[in-house]
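Listed below are the residues making up each chain.
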Amino acid sequence: MILSLAATMSSGEGALNSSSLDPFDSSTLLWSFPDGNSSSPSSSSSSFSSSPSSSPSSSSSSSSSSSSSSPSADPAQTLSPGLQPPAAGPGLPRAVSPWAVALCVTGTLVACENALVLAVLFYTPALRAPMFVLMGSLASADLLAGLGLVLHFALAYLVDESQRGTAVTLLLVGFLIAAFSASVLHILAITVDRYLSLCNALTYHTERTLTFTYAAVALIWAGCLALGLLPALGWNCLADRAACSACRPVTRGNAVALASLFLLVFAAMLQLYLQICRIALRHAQQIAVQHHFLAVSTTKGVSTLSVVLGSFGLCWLPFALYSMVADASYPAAYTYAAALPAAAGSFLNPVVYAFRNPDVQKSLWLACCGCFPSGLSLRARTSSDV
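Let us look at the structure shown here. (Residues numbered from 1 in each chain as written. Predicted model: local features only at pLDDT ≥ 70, side-chain atom pairs only at ≥ 80, totals over all residues. Heavy atoms only, no water.)

## Observations regarding unusual backbone geometry
The bulk of non-glycine residues show a negative phi, and the bulk of peptide bonds are trans.
Line of reasoning, step 1. Here the bond from Arg248 into Pro249 is cis, since omega is 5°, no more than 30 degrees from zero.
Line of reasoning, step 2. Assignment of secondary structure puts Pro249 in the loop between α7 (207-229) and α8 (252-287). (Helix = DSSP H or I, 4+ residues; strand = E, 2+ residues; numbered from the N terminus.)

## So, a nonpolar patch on the surface
Line of reasoning, step 1. Taken together, the side chains of Val96, Val101, Val105, Leu109, Phe347 and Leu348 make up a nonpolar region of the molecular surface, amounting to roughly 450 Å² of accessible area.
Line of reasoning, step 2. Looking at the nonpolar patch, the elements with two or more residues in it are α4 (98-122) and α10 (332-354).
Line of reasoning, step 3. Per element, the largest residue contribution to the nonpolar patch is three residues, and it comes from α4.
Line of reasoning, step 4. Relative to the elements of secondary structure, Val96 occurs in the loop between α3 (56-69) and α4.
Line of reasoning, step 5. Judged by its relative accessible area of 46%, Val96 is partly exposed. (Patch = residues over 30% accessible without salt bridge, like charges linked within 9 Å, V, L, I, M, F, W, Y side chains within 5 Å. Areas by Shrake-Rupley, 256 points an atom, 1.4 Å probe, with all protein chains shown as cover. Salt bridge = Lys/Arg side-chain N within 4 Å of Asp/Glu carboxyl O. Buried < 20%, exposed > 50% of the residue type's maximum accessible area, 1.4 Å probe, protein only.)

## Concerning the side chain of Thr213
Line of reasoning, step 1. Mapped onto the elements of the fold, Thr213 is located in helix α7.
Line of reasoning, step 2. For Thr213, a relative accessible area of 4% translates into the label buried.
Line of reasoning, step 3. A polar side-chain atom of Thr213 sits 2.8 Å from the main-chain carbonyl oxygen of Thr209.
Line of reasoning, step 4. Apart from residues lying up to four places away in sequence, Thr213 is in contact with Pro130, Val133 and Leu134. (Polar contact = N/O pair within 3.5 Å; in protein donor to acceptor, adjacent residues only side chain to side chain. Contact = heavy atoms within 4.5 Å.)

## Examining the side chain of Thr106
Line of reasoning, step 1. Within the fold, Thr106 resides in helix α4.
Line of reasoning, step 2. Excluding its chain neighbours within four sequence positions, the residues that come into contact with Thr106 are Leu340, Ala343 and Ala344.

## Regarding the packing of aromatic side chains
Line of reasoning, step 1. Using the criterion set out here, one finds 10 aromatic pairs in the structure.
Line of reasoning, step 2. Note on Phe153 and Tyr157: the rings are 5.0 Å apart at their centroids and 35° apart in plane angle, and the pair reads as tilted. Here Phe153 and its partner Tyr157 are both found in helix α5 (residues 130-157), four residues apart, which amounts to about one turn of the helix.
Line of reasoning, step 3. Taking the relative accessible area as the measure of exposure, Phe153 reaches 16% and is therefore buried.
Line of reasoning, step 4. Classification of Tyr157 as buried rests on a relative accessible area of 12%. (Phe/Tyr/Trp six-rings, centres within 6.5 Å; stacked < 30°, edge-to-face > 60°.)

## A few points about the state of the cysteines
Line of reasoning, step 1. The tally for this structure, following the rule as stated, stands at one disulfide.
Line of reasoning, step 2. Between the sulfur atoms of Cys237 and its disulfide partner Cys244 the distance amounts to 1.9 Å. An S-S torsion of about 100° defines the bridge between Cys237 and Cys244 as right-handed.
Line of reasoning, step 3. In this structure Cys237 comes out as buried when scored by relative accessible area, which is 4%.
Line of reasoning, step 4. Given a relative accessible area of 3%, Cys244 falls into the buried group. (Disulfide = S-S within 2.5 Å.)

## Considering the nonpolar core
Line of reasoning, step 1. By size, the foremost hydrophobic cluster in this structure holds 55 residues, and its most contacted members are Phe262, Val265, Met269, Tyr273, Phe312, Trp316 and Tyr353.
Line of reasoning, step 2. Residue assignment for this core shows that the elements contributing at least two residues are α4, α5, α6 (166-199), α7, α8, α9 (291-325) and α10.
Line of reasoning, step 3. If you tally residues by element for this core, the top one is α6, at 12 residues.
Line of reasoning, step 4. Those residues in contact with Val265, other than ones at most four positions away along the chain, are Val184, Leu185, Leu188 and Phe312. (Core = buried A, V, L, I, M, F, W, Y, C linked by side-chain atoms within 4.5 Å.)

Here is the structure:
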């Protein structure tokens, strides 16, 4: 009897050690029990209830005969109602991670908010300047990013793994890469547009500027589409798990390249906004009549630039730096904690670039209540207004 118990315990322990423990993997949260060939709780209790004076051979034979004659008891019935395991089966849903729920909720809010921006820009014919073209393209990128997060949650937790193929997973990962890359590059394009509107204030509102804006938007989307196709074209770590980054199935090399691209974009934005501050300060000195006006306008411009750069850096710098040093061995909680602020950046973009614009505010007020407040500025705002 002791030998049979030892064999059962050793086989259960080996099965436990052979499984990979992932804090967000639902397979580690399920109860596991020995199969029908091992000794059941009822047979064990019957063995221990045998007479102490019986010989080892008689006790082993009686225990084997009792286990063979009586059906094995259901393990779930030996547990209290609060500890009963879930029913195993192919349709058993995965344990939902709270981090994944947070990303899904963020994606839903991002999609709804940017859809509102697109609706305002589409139904307002006056908002057709190059600045609003870039603003609408940025909102489109953030809308796709939010929808991608929702689709990722749906495929991970609502669709069985056997029903979704590898191609679908790779295409969804590429979709997210393309959408978020387009969001970051459009923010850089808006910064360049503000810089050019200050340097070429007299020739900014021309047909050539609008054509150049459409060409820049098309080039950004083409480049981001190429980045999104890389995982499906073979740049993934499905064949070599050791080459995976923290965001599987993206390879470590691709993650480092994307993070380096973001750092270059952030450095370019910082340099351009410094130049914008210098140009705005020089223009203010030339047209200012009173020192008080100069101080107020300069302070407002610096505070606006601080909000733009601060929100962009706080949202994306943690994820970029984490992607450069992390790999597949890092805990999933770290990856979620770094990715959530980056996803929240797409939620802040409409607030920073669209809802602060007086023309967009007027359109929102007209769409919601048919009027706009008297304190709202009626001056047309240009992209040079920082």
